[in-house]
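# Structural description and commentary
Okay, here's what each chain looks like letter by letter:
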Amino acid sequence: MRLSLVADLHIHTTASDGTYTPEEIVSLARREGITTIAITDHDSVDNVLSTMRVGAEQGVQVVSGIELSTEMDLAELHLLGYGFSVDDPLLTDQLGYLRVARLERIAKTVDLLAELGIHLDLEEVLALAGDGSPGRAHVARLLVDKGYTSTIAEGFDRFLGHGQRAYVPRDRCHTIDAIRLIRRAGGVPVLAHPGLSAPGLSCLPELVKAGLMGLEVFYPQHSPEQKARFLELAAQYGLLVTGGSDCHGGGKDQRYFGSVRLPDHCVQCLLAAVPTHTT
């Protein structure tokens, strides 16, 4: 009898702006009865292989994953990639470029905060990120630690969010280029949380033509009506259906691990599309 699969395919770790380590994520998966997970850190695959190793030891299937911040027609679109080869040279080069761009962005953010009378040490921000890629969430955590704000959300609302005084635009690759990059690495490109991305939906025919293979239908902030609509769109365009909690761990938001569970038939279809890079 075939094992029924339950998946959470949108998880962030300490390699980007999450708080969970690979060991903690796998432990949570076992506790919650989730058989399949994907680590989808922002512009990073640093924790993918280590999570795979821990997962193999503890009976949790781990699919390689990433979340790329991309741009199309001046709109920011997030693209998930699954099942690719993490050592693909073109992907490695692009991620190296994005890592440098993230460092430069955080340095500019710290400078803007200093102009507002908020003095943070860049080295402390980088220390919070550890071996992971530094992001605004690390700056927000330091704002709390230093007593400038009460919560991480307040840091984004007052200083770091889009349009706020310490916001620095992110250097992003074009969405079409990102789709092709994931496909060349042997993976499945998926449009992330379309309910939060009206431009992504309006560009869907063009994205499909460029090689988009999936749509993240199941997501904590998608209403039942949205999920029904996205299932229709997936069927219309022949797209795989994916989903996940967008878990970042404690502090950042309320989208906790396992709050979205992708059903068996959707997991099986995704795994069939990426048979060579899932374990």
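In case you missed it, the structure is sitting above this.
The paragraphs below set out a description of the structure included in this document. (Residues numbered from 1 in each chain as written. Predicted model: local features only at pLDDT ≥ 70, side-chain atom pairs only at ≥ 80, totals over all residues. Heavy atoms only, no water.)

## Concerning the overall build of the chain
- Helix and strand counts for the chain stand at eleven helices and nine strands.
- Whereas a compact globule of 279 residues would reach a radius of gyration of roughly 19 Å, the chain reaches 18 Å, a difference of no more than 12%.
- With the principal axes as the frame, the chain shows a C-alpha extent of 60 × 40 × 40 Å.
- Sorting the 279 residues of the chain into buried and exposed places 54% on the buried side.
- A fraction of 71% describes how many contacts in the chain between residues 6 or more apart in sequence connect residues 24 or more apart. (Helix = DSSP H or I, 4+ residues; strand = E, 2+ residues; numbered from the N terminus. Rg over C-alpha atoms; globule rule 2.2 N^0.38 Å. Buried < 20%, exposed > 50% of the residue type's maximum accessible area, 1.4 Å probe, protein only. Contact = heavy atoms within 4.5 Å.)

## Points about the sheet that holds strand β6 (residues 173-174)
- The strand order β6-β4-β5-β7-β8-β9 describes an open sheet built from six strands, whose pairing is mixed. At either margin of the open sheet sits one strand with a lone partner, and together these are β6 and β9 (240-243).
- Sheet analysis places strand β7 (residues 188-191) next to strand β8 (residues 214-218), joined by two bridges and oriented parallel. Note that in β8 the partner of V190 across the bridge is G214. (Pairing = 2+ DSSP bridges.)

## Observations regarding the environment of G258
- Mapped onto the fold, G258 is located in the loop between β9 and α11 (264-273).
- A residue is classified by how much of its surface remains accessible, and G258, at 10% relative accessible area, is buried.
- Once the C-alpha coordinates of G258 and D246 are considered, the two residues, twelve residues apart in sequence, prove to be 9.3 Å apart.
- If sequence neighbours within four positions are ignored, G258 has contacts with D8, I34 and S245.

## Here we look at unusual backbone geometry
- Positive phi is not limited to glycine here, since D43 has a value of about 55°.
- Positionally, D43 belongs in the loop between β2 (36-39) and α2 (48-58).
- In this structure D43 comes out as buried when scored by relative accessible area, which is 6%.
- In this model, H193 sits at a positive phi of 25°, which is unusual for a non-glycine residue.

## With respect to the packing of helix α3 (residues 89-115) against helix α4 (residues 122-129)
- Following both chains from N to C, one finds α3 and α4 inclined at 135°, their axes separated by 10 Å at the closest point. As the angle between them shows, α3 and α4 are arranged oblique. Considering only the axes of α3 and α4, their crossing is right-handed. Residues L103, I106, A107 and V110 of α3 form the contact with α4, whose participating residues are L122, V125 and L126. (Axes fitted to C-alpha atoms, helices over the stretch in contact; angles between N-to-C directions. Parallel < 35°, antiparallel > 145°, perpendicular 65-115°, else oblique. Left-handed = near helix turned anticlockwise from the far one by under 90°.)

## A few points about the packing of α4 against helix α5 (residues 136-145)
- Here α4 crosses α5 at 115°, and the two axes come no closer than 9 Å. The orientation of α4 relative to α5 falls into the category roughly perpendicular. Helix-helix and strand crossings are classified by hand; for α4 and α5 the assignment is right-handed. The segment α4 lies against α5, with E124, V125, L128 and A129 engaging H138, V139, R141, L142 and D145.
- Considered class by class, the residues forming the contact of α4 with α5 number five nonpolar, one polar and three charged. (Nonpolar A, V, L, I, M, F, W, Y, C, P; charged D, E, K, R; others polar.)

## Topic: the pattern of salt bridges
- On inspection of all chains with the given rule, the structure shows ten salt bridges.
- Between E32 and R31 there is a salt bridge whose closest N-O contact spans 3.7 Å.
- Using a relative accessible area of 30% as the deciding quantity, one classes E32 as partly exposed.
- Assessed through its relative accessible area of 62%, R31 is described here as exposed.
- Ionic pairing is found between R102 and D43, a salt bridge with its closest N-O pair at 3.4 Å. (Salt bridge = Lys/Arg side-chain N within 4 Å of Asp/Glu carboxyl O.)

Everything listed is a geometric property; what it means functionally is a separate question.
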